[in-house]
Amino acid sequence: MDALSLLTQRRSIPRLLAPAPEGEALQNMLAAGLRAPDHGALTPWEFVIATGEG
């Protein structure tokens, strides 16, 4: 699937359900997020990973 299809066919989920991404899938998501443009130069920023453990 090409990037334009991914962007135009995406959908939002109001409440996330288990299981959460972990392992390689989570690492791939973080790597993609690091490459996202920072159009507003809103640095510093951070990723918050909620694991449900606590």
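These notes cover the structure that comes with them. (Residues numbered from 1 in each chain as written. Predicted model: local features only at pLDDT ≥ 70, side-chain atom pairs only at ≥ 80, totals over all residues. Heavy atoms only, no water.)

Helices and strands together make up the secondary structure of the chain, namely 2 helices and 0 strands. A compact globule built from 54 residues should have a C-alpha radius of gyration of about 10 Å, whereas the chain, at 14 Å, is more than 25% larger. Counting only C-alpha atoms, the chain reaches 35 × 30 × 25 Å along its principal axes. The buried share of the chain, taken over its 54 residues, is 6%. (Helix = DSSP H or I, 4+ residues; strand = E, 2+ residues; numbered from the N terminus. Rg over C-alpha atoms; globule rule 2.2 N^0.38 Å. Buried < 20%, exposed > 50% of the residue type's maximum accessible area, 1.4 Å probe, protein only.)

It is worth spelling out a nonpolar patch on the surface at this point. Judged by side-chain polarity, Leu34, Trp45, Phe47 and Ile49 come together as a nonpolar surface patch covering roughly 420 Å² of accessible area. With respect to the secondary-structure elements, Ile49 resides in the segment after α2 (23-34). For Ile49, a relative accessible area of 45% puts it in the partly exposed group. (Patch = residues over 30% accessible without salt bridge, like charges linked within 9 Å, V, L, I, M, F, W, Y side chains within 5 Å. Areas by Shrake-Rupley, 256 points an atom, 1.4 Å probe, with all protein chains shown as cover. Salt bridge = Lys/Arg side-chain N within 4 Å of Asp/Glu carboxyl O.)

By volume, the largest pocket amounts to about 460 Å³. Broken down by class, the residue content of the lining of the largest pocket amounts to 12 nonpolar, 1 polar and 1 charged. (1 Å grid on protein atoms, 1.4 Å probe; cavity = no way out; pocket = protein on both sides within 12 Å on 5 of 7 lines; lining within 4 Å. Points joined across faces, edges and corners; volume = space filled by probe spheres on them. Nonpolar A, V, L, I, M, F, W, Y, C, P; charged D, E, K, R; others polar.)

It is worth spelling out the environment of Ala50 at this point. Tracing the sequence through the fold places Ala50 in the segment after α2. Using a relative accessible area of 70% as the deciding quantity, one classes Ala50 as exposed. A sequence separation of 30 residues divides Ala50 from Ala20, and the C-alpha atoms of the two residues are 9.2 Å apart.

Now for unusual backbone geometry. In this structure, the amide linkage connecting Ala18 to the following residue, Pro19, adopts the cis form with an omega of 0 degrees. Positionally, Pro19 belongs in the loop between α1 (3-8) and α2.

We now examine the environment of Leu16. Positionally, Leu16 belongs in the loop between α1 and α2. Classification of Leu16 as exposed rests on a relative accessible area of 76%. Put simply, Leu16 and Ala32 are 16 residues apart on the chain and 20 Å apart in space, counted from C-alpha to C-alpha.

Without other data, these values stay purely geometric and don't point to any function.
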